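Remarks on the overall topology
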Amino acid sequence: MNEEERYLFDLRGYLVIEDVLSTDEVENLNRLIDSQGLPEPQLDTMGARFGGFLSWDEAFCSLLDHERIMPYLKTILGDGFRLDHYYGIYMRAGTEQLRLHGGATPYDPPEFYHYNSGQMFNGLTVVSWNLTATGPGLGGFCGVPGSHKANFPCPDGVRVAHDGHEAVVTPEAPAGSVVIFTEALTHGTVAWSAEFHRRSLLYKYSPGQQSWSAKYVQAPSTVELTARQKLLFERPYFNSRPSLFEDE
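What comes next concerns the included structure. What you see is a predicted model, and the numbers here were worked out from it, not measured in a lab.

**Let's talk about the overall build of the chain**
The number of helices and strands found in the chain is six helices and eleven strands. The C-alpha atoms of the chain give 17 Å as radius of gyration, which agrees with the globular expectation for 248 residues (18 Å, within 12%). With the principal axes as the frame, the chain shows a C-alpha extent of 45 × 45 × 35 Å. Accessible surface for the chain amounts to roughly 11,800 Å². Of this, 49% is attributable to carbon and sulfur atoms. Averaging the coordinates of the 19 positive side-chain charges in the chain and doing the same for the 32 negative ones gives two points 6 Å apart.

The following block contains the structure:
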């Protein structure tokens, strides 16, 4: 994570990292999803999600600790972070928006952003893998840049206006890119308007000592994980937690 990226994440609460996956990798992941015969996505946001894909193929597990993403997570979360939960999003034209939620105020203990002594500290943090493009004119992730450090709650007028408000940004994120954001950011989803389906895979990580979810995510039994990938399924604790970067 270079100086400019650290600055932008601290400033905005999110980053878009392009060209993390090749065209072939994106096509393979989409093909693997196609092979599951998922039902048509619904027009409500909860009906536009799917899960369990870590057990489908090694290709999904390889994203858990992808070499391009791990340095970002080390800077954002510190060593010893864990996979908190995960799910996929697939949206068709007309799928509704997801309301704006999150923000630094009021304070939410598992979703936070702090800075101290030259280091950032984050709670629940999302890595969203774009298997299709998202952005202006299409839909997808949106947020209020800087709201992870806001001293006042998000006004009702901003929440109601959603992506129609000047404070809300819908960043362009091509297929193969990754959007990383802190859940302390006020964020949501813009209604999907593209003719093609949206597909994003969301891996959500917590600091090693905490869990956002009441259920601890289980490692897939059908795919052989690497030693480091197995560590990401450790339950939350702090003392003597193994390093994810001990071989560096």
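**Overview of the packing of aromatic side chains**
Applying the stated criterion to the full structure yields 14 aromatic pairs. Between Phe 53 and Trp 56, the aromatic rings sit 6.2 Å apart at their centres with planes inclined by 65°, giving edge-to-face as the arrangement. Assessed through its relative accessible area of 0%, Phe 53 is described here as buried. Clustering of aromatic rings is evident, with ring pairs tying together Phe 50, Phe 53, Trp 56, Phe 60, Tyr 86, Tyr 90 and Tyr 203.

**Structural notes on the side chain of His 187**
Take His 187: it is sitting in strand S10 (residues 187–190). Only 3.2 Å separates the side chain of His 187 from the side chain of Glu 183, close enough to count as a polar contact. Setting aside its immediate chain neighbours within four residues, His 187 contacts Arg 99, Leu 100, His 101, Phe 141, Cys 142, Gly 143 and Phe 181.

**Some remarks on helix H4 (residues 70–77)**
Those residues of H4 that fall on the buried side of the exposure criterion are Met 70, Tyr 72, Leu 73, Ile 76 and Leu 77. Seen end-on, H4 carries its buried residues on one side only, within an arc spanning 155°. Gly 78, located one to two residues past H4, shows a positive phi value of around 80°.

**What to know about the pattern of salt bridges**
Within the structure shown, the criterion is met by seven salt bridges. Between Arg 228 and Asp 65 there is a salt bridge, with its nearest N and O atoms 3.1 Å apart. Residue Arg 228 is found in helix H6 (residues 227–231), and its partner Asp 65 is found in the loop between helix H3 (58–61) and H4; the two are separated by 163 residues along the sequence. When its relative accessible area of 10% is taken as the criterion, Asp 65 is described as buried. In this structure, Arg 82 and Asp 84 form a salt bridge, with 3.5 Å as the shortest nitrogen-oxygen distance. Each member of the pair Arg 82 and Asp 84 is classed as buried.

**Focus: the environment of Thr 132**
Among the secondary structure elements, Thr 132 is positioned in the loop between strand S7 (125–130) and strand S8 (140–143). The spatial distance from the C-alpha of Thr 132 to the C-alpha of Val 144 is 22 Å, given a sequence separation of twelve residues. Non-local contacts of Thr 132, meaning those with residues more than four positions away in its chain, are made with Ala 173, Pro 174, Ala 175, Phe 196, His 197, Arg 198 and Arg 199. In this structure the side chain of Thr 132 is engaged in a polar contact, spanning 3.0 Å, whose partner is the backbone nitrogen of Arg 199.

**Quick look at the pairing of strand S11 (residues 198–206)**
Burial of S11 is extensive: nine of the nine residues sit out of reach of the surface. Neither face of S11 is left uncovered, since the one carrying Arg 198, Ser 200, Leu 202, Lys 204 and Ser 206 and the one carrying Arg 199, Leu 201, Tyr 203 and Tyr 205 both have all their residues buried. Where strand S3 (residues 82–91) lies against S11, nine bridges are found, and the strand directions are antiparallel. Among the inter-strand pairings, Tyr 87 is bridged to a residue of S11, identified as Leu 202. When S7 meets S11, the two strands line up antiparallel, connected through six bridges. Each residue of the ladder has a partner; that of Thr 125, found in S11, is Tyr 205.

About the criteria used
- Residues numbered from 1 in each chain as written.
- Predicted model: local features only at pLDDT ≥ 70, side-chain atom pairs only at ≥ 80, totals over all residues.
- Heavy atoms only, no water.
- Helix = DSSP H or I, 4+ residues; strand = E, 2+ residues; numbered from the N terminus.
- Rg over C-alpha atoms; globule rule 2.2 N^0.38 Å.
- Areas by Shrake-Rupley, 256 points an atom, 1.4 Å probe, with all protein chains shown as cover.
- Lys, Arg positive; Asp, Glu negative; His and termini not counted.
- Charge placed at Lys NZ, Arg CZ, Asp CG, Glu CD.
- Phe/Tyr/Trp six-rings, centres within 6.5 Å; stacked < 30°, edge-to-face > 60°.
- Buried < 20%, exposed > 50% of the residue type's maximum accessible area, 1.4 Å probe, protein only.
- Polar contact = N/O pair within 3.5 Å; in protein donor to acceptor, adjacent residues only side chain to side chain.
- Contact = heavy atoms within 4.5 Å.
- Arc of directions from axis to C-beta.
- Salt bridge = Lys/Arg side-chain N within 4 Å of Asp/Glu carboxyl O.
- Pairing = 2+ DSSP bridges.

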